[in-house]
Amino acid sequence: MGLAAVFFDLGGTIAHDRKIPNLKEECLRNVAKVLQSKGYVVDDDDVIKTYDMVFGKAYEESNRTLNEVDLFEVYSEILSELNIQPSKELVNECIKAYYDKRRRIVMFYPDAKEAIINVRKMGLKTAVVSNANLGFEIAVEELQLDKYFDALIASYKVGKKKPHPKIFNEALNRLNVTPDEVVMVGDSLHADVYGAKKVGITAVWIFRNDKTKAEEIIATAGIKPDYIIRNMYELLDIIKHLI
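Residues numbered from 1 in each chain as written. Predicted model: local features only at pLDDT ≥ 70, side-chain atom pairs only at ≥ 80, totals over all residues. Heavy atoms only, no water.

Undergrad: Help me understand the packing of aromatic side chains, please; the structure alone is not making it clear to me.
TA: Enumeration over the complete set of coordinates arrives at eight aromatic pairs. Residues F55 and Y59 carry aromatic rings whose centres are separated by 6.0 Å and whose planes lie at 20° to one another, so their mutual orientation is stacked. A residue pair is termed a helical-turn pair when its members lie 3 or 4 positions apart in one helix, as F55 and Y59 do in helix α2 (residues 44–65) at four residues. Seen in terms of ring centroids, W205 and F207 are 4.8 Å apart; in terms of plane orientation they differ by 35°. Their pairing is tilted. Since its relative accessible area comes to 3%, W205 is described here as buried. Note on F207: relative accessible area 10%, which makes it buried. Among the aromatic residues, those joined into a ring-pair cluster are Y51, F55, Y59, Y75, Y98 and Y99. (Phe/Tyr/Trp six-rings, centres within 6.5 Å; stacked < 30°, edge-to-face > 60°. Helix = DSSP H or I, 4+ residues; strand = E, 2+ residues; numbered from the N terminus. Buried < 20%, exposed > 50% of the residue type's maximum accessible area, 1.4 Å probe, protein only.)

In structure tokens form, the structure reads like this:
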């Protein structure tokens, strides 16, 4: 069958964060500020260290099981480690405080928006398939992603993250397409390329760095994409060939 849809990864593929020094630490200082405003005696550095410990453990487990990190559980454990009773309201306030500091930093790569628009002009469906947590919703809002995509799929809603087949199958079902009708574009050999090929989707690896290093990275990873591109303009040439 012919090409019917293109799936795009989000971070590192079509969008990226502006470089802000110590962004994570600033987000966590905002969490500490919320706790301090409620009378809890906590030090900013203790919040940062506890977050690194708890989230690091949860992230390792997530990579092993491919279950997306549950932020409510993470922040509940952080509060417990800080000897604070983790009520539902307080946990949600802490999560909000973290992400409030992450606003107005996400942006499209210069070549991405035009490429996505041109893909749609070719009559193809489009979807974002992203390993992402609540920060995904900020990107959706600030980049107005619903204007450019027929489906917006984040791992925290599906429960499994790439390369697990479940998130790709969710995208296939949402767009009512079959694997042989789809191209997946992403910057991760493991999550995007391996995950897509595992379910029978053609995989395009976008490697925005020196292309001469690409083959070495592929050999080390043992994962071979169907196509390699350095920018989204090259993607359009591939799509024209596949239609």
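Undergrad: Would you mind going over helix α11 (residues 232–242) with me for this structure?
TA: Among all positions in α11, only M232, L235, L236, I238 and I239 are buried. Buried residues of α11, seen end-on, are gathered within an arc of 165° and therefore sit on one face of the element. Those residues of α11 that are exposed and aimed more than 90 degrees away from the buried face are D237, K240 and H241. Buried residues belonging to α11 abut β1 (5–8), α5 (112–121), β6 (182–186), β7 (202–206) and β8 (227–229). Two to three positions downstream of the cap, the backbone nitrogen of Y233 sits 3.0 Å from a side-chain oxygen, assigning the N-cap of α11 to N231. (Arc of directions from axis to C-beta. Contact = heavy atoms within 4.5 Å. Polar contact = N/O pair within 3.5 Å; in protein donor to acceptor, adjacent residues only side chain to side chain.)

Undergrad: Before we go on, may I ask you to explain the side chain of T50 in this structure?
TA: Note on placement: T50 falls in helix α2. With relative accessibility at 11%, the residue T50 sits in the buried group. Those residues within four positions of T50 in sequence are excluded, and the remaining contacts are I78, E81 and L82.

Undergrad: Would you take a moment to explain the pattern of salt bridges for this structure?
TA: As a working rule, side chains carrying opposite charge can pair if their charged atoms are close by. Summed over all chains, the structure comprises 19 salt bridges. In this structure, D17 engages R102 in a salt bridge whose closest nitrogen and oxygen atoms are separated by 2.5 Å. Residue D17 is located in strand β2 (residues 15–17), and its partner R102 is located in the loop between α4 (88–100) and β3 (106–108); the two are separated by 85 residues in the primary sequence. For D17, a relative accessible area of 32% gives the class partly exposed. For R102, a relative accessible area of 21% gives the class partly exposed. With a shortest N-O distance of 2.9 Å, K96 and D100 are connected by a salt bridge. With a gap of four residues between them, K96 and D100 both fall in helix α4, about one helical turn apart. Classification of K96 by relative accessible area gives exposed; the value is 54%. Look at the salt bridges and you will find they share partners, linking K96, D100, R103, E141 and E142 into a network. (Salt bridge = Lys/Arg side-chain N within 4 Å of Asp/Glu carboxyl O.)

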